[in-house]
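Coordinate analysis (summary)
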Amino acid sequence: MLALALAACSGSHEESGAPHAAATRVKAAVTPDSVAYFAGGCFWGVEYYLEQMDGVATVEDGYMGGTVDHPTYEQVSAHETGHLESVRVRYDSKQVSYEQIARRFFEIHDPTQADGQGPDIGPQYHSAVFYTTPEEKAIAEKLIGLLRKRGYDVVTQVRPATRFWRAEEYHQDHYQRSGEKPYCHVRVRRFDRDAH
């Protein structure tokens, strides 16, 4: 992550729970009834692009897939916990489907880059879809299959969701607060030929 984030190593962290109003914006007319979890490099960029989708209510930065309770950014960055930088997406399934969100996820990060995205290198930045239902697993595997047929050497893991630990407050809505743009995420329309 940026040196700025490393310098800003203060703030509280909490486990899974209700989102903080100051850190999480809820869009008007979106009533979230579903949740999805993804990891695709620095969580700032994944959050930024998924929050722009119609039907997505909130996206929170956090940690998933590790072995330590209440992990901190410093622990995750030092590879002490096994967690991936992840996002929790709350969405209205009547406005946007899980597959649409998963497709966007595969378009906003490089699913062929192992243990990193752009200049962010490390196992905490690995690409993963954390599924909560057999249907989500099947959708993720289908999309990976489509990408592989197109020649992409996808390294994204499809893993069962574990406990999501919400990241420190200074990570939430980073790009919205800073006015900056993602530095290692960009949308590449990998599914245009079979978009629906």
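Quick caveat: nothing in here was measured; it's all calculated off a predicted structure.

1. A word on helix 4 (residues 98–108)
Among the 11 residues in helix 4, 10 count as buried, and that is most of the element. Buried residues of helix 4: Tyr98, Glu99, Ile101, Ala102, Arg103, Arg104, Phe105, Phe106, Glu107 and Ile108, and no others. Contact partners of the buried residues in helix 4: strand 2 (34–40), helix 2 (43–51), strand 3 (56–64), strand 4 (84–91), strand 7 (127–131) and helix 5 (134–149).

2. Let's talk about the pairing of strand 3
Across the 9 residues that make up strand 3, a large majority, 9, are buried. Direction of pairing for strand 3 relative to strand 4: antiparallel, over a ladder of 8 bridges. Of the residues in strand 4, the one forming a bridge with Asp61 is Val87. Note that strand 3 and strand 9 (residues 165–166) share 2 bridges and pair antiparallel. Looking at the pairing, Gly62 lines up with Arg166 of strand 9.

3. A look at the pattern of salt bridges
If you walk through the whole model with that rule in mind, you get 8 salt bridges. Asp92 is the salt-bridge partner of Lys94, the closest N and O atoms lying 3.5 Å from each other. Asp92 gets classed as buried once you look at its relative accessible area, which sits at 5%. Where Glu99 meets Lys142, a salt bridge forms, and the shortest distance between an N and an O atom there is 2.9 Å. Here the residue Glu99 occupies a position in helix 4, and Lys142 occupies one in helix 5, the gap between them amounting to 43 residues. Given a relative accessible area of 12%, Glu99 falls into the buried group. By relative accessible area, Lys142 is classed as partly exposed at 41%. By sharing partners, the salt bridges in this structure join Glu60, Arg88, Arg90, Arg166 and Glu169 into a single network.

4. Examining the packing of helix 4 against helix 5
At a closest axis distance of 10 Å, the pairing of helix 4 and helix 5 adopts a crossing angle of 40°. Taken together, helix 4 and helix 5 sit at an angle that is classed as oblique. Seen from above, helix 4 lies across helix 5 with right-handed handedness. Counting all contacts with helix 4, which are made through Tyr98, Glu99, Ala102, Arg103 and Phe106, the residues of helix 5 involved are Glu136, Ile139, Ala140, Lys142, Leu143, Ile144, Leu146 and Leu147. The class makeup of the residues in the contact of helix 4 with helix 5 is 9 nonpolar, no polar and 4 charged.

5. Some words on unusual backbone geometry
Its identity is not glycine, yet His70 carries a phi of approximately 50°, on the positive side. Structurally, the position occupied by His70 is in the loop between strand 3 and helix 3 (73–77). By relative accessible area, which is 37% here, His70 ends up partly exposed. The backbone of His79 sits at a positive phi, close to 65°, despite the residue not being glycine. Residue class for His79 comes out partly exposed when judged on its relative accessible area of 46%.

Cut-offs applied
- Residues numbered from 1 in each chain as written.
- Predicted model: local features only at pLDDT ≥ 70, side-chain atom pairs only at ≥ 80, totals over all residues.
- Heavy atoms only, no water.
- Buried < 20%, exposed > 50% of the residue type's maximum accessible area, 1.4 Å probe, protein only.
- Helix = DSSP H or I, 4+ residues; strand = E, 2+ residues; numbered from the N terminus.
- Contact = heavy atoms within 4.5 Å.
- Pairing = 2+ DSSP bridges.
- Salt bridge = Lys/Arg side-chain N within 4 Å of Asp/Glu carboxyl O.
- Axes fitted to C-alpha atoms, helices over the stretch in contact; angles between N-to-C directions.
- Parallel < 35°, antiparallel > 145°, perpendicular 65-115°, else oblique.
- Left-handed = near helix turned anticlockwise from the far one by under 90°.
- Nonpolar A, V, L, I, M, F, W, Y, C, P; charged D, E, K, R; others polar.

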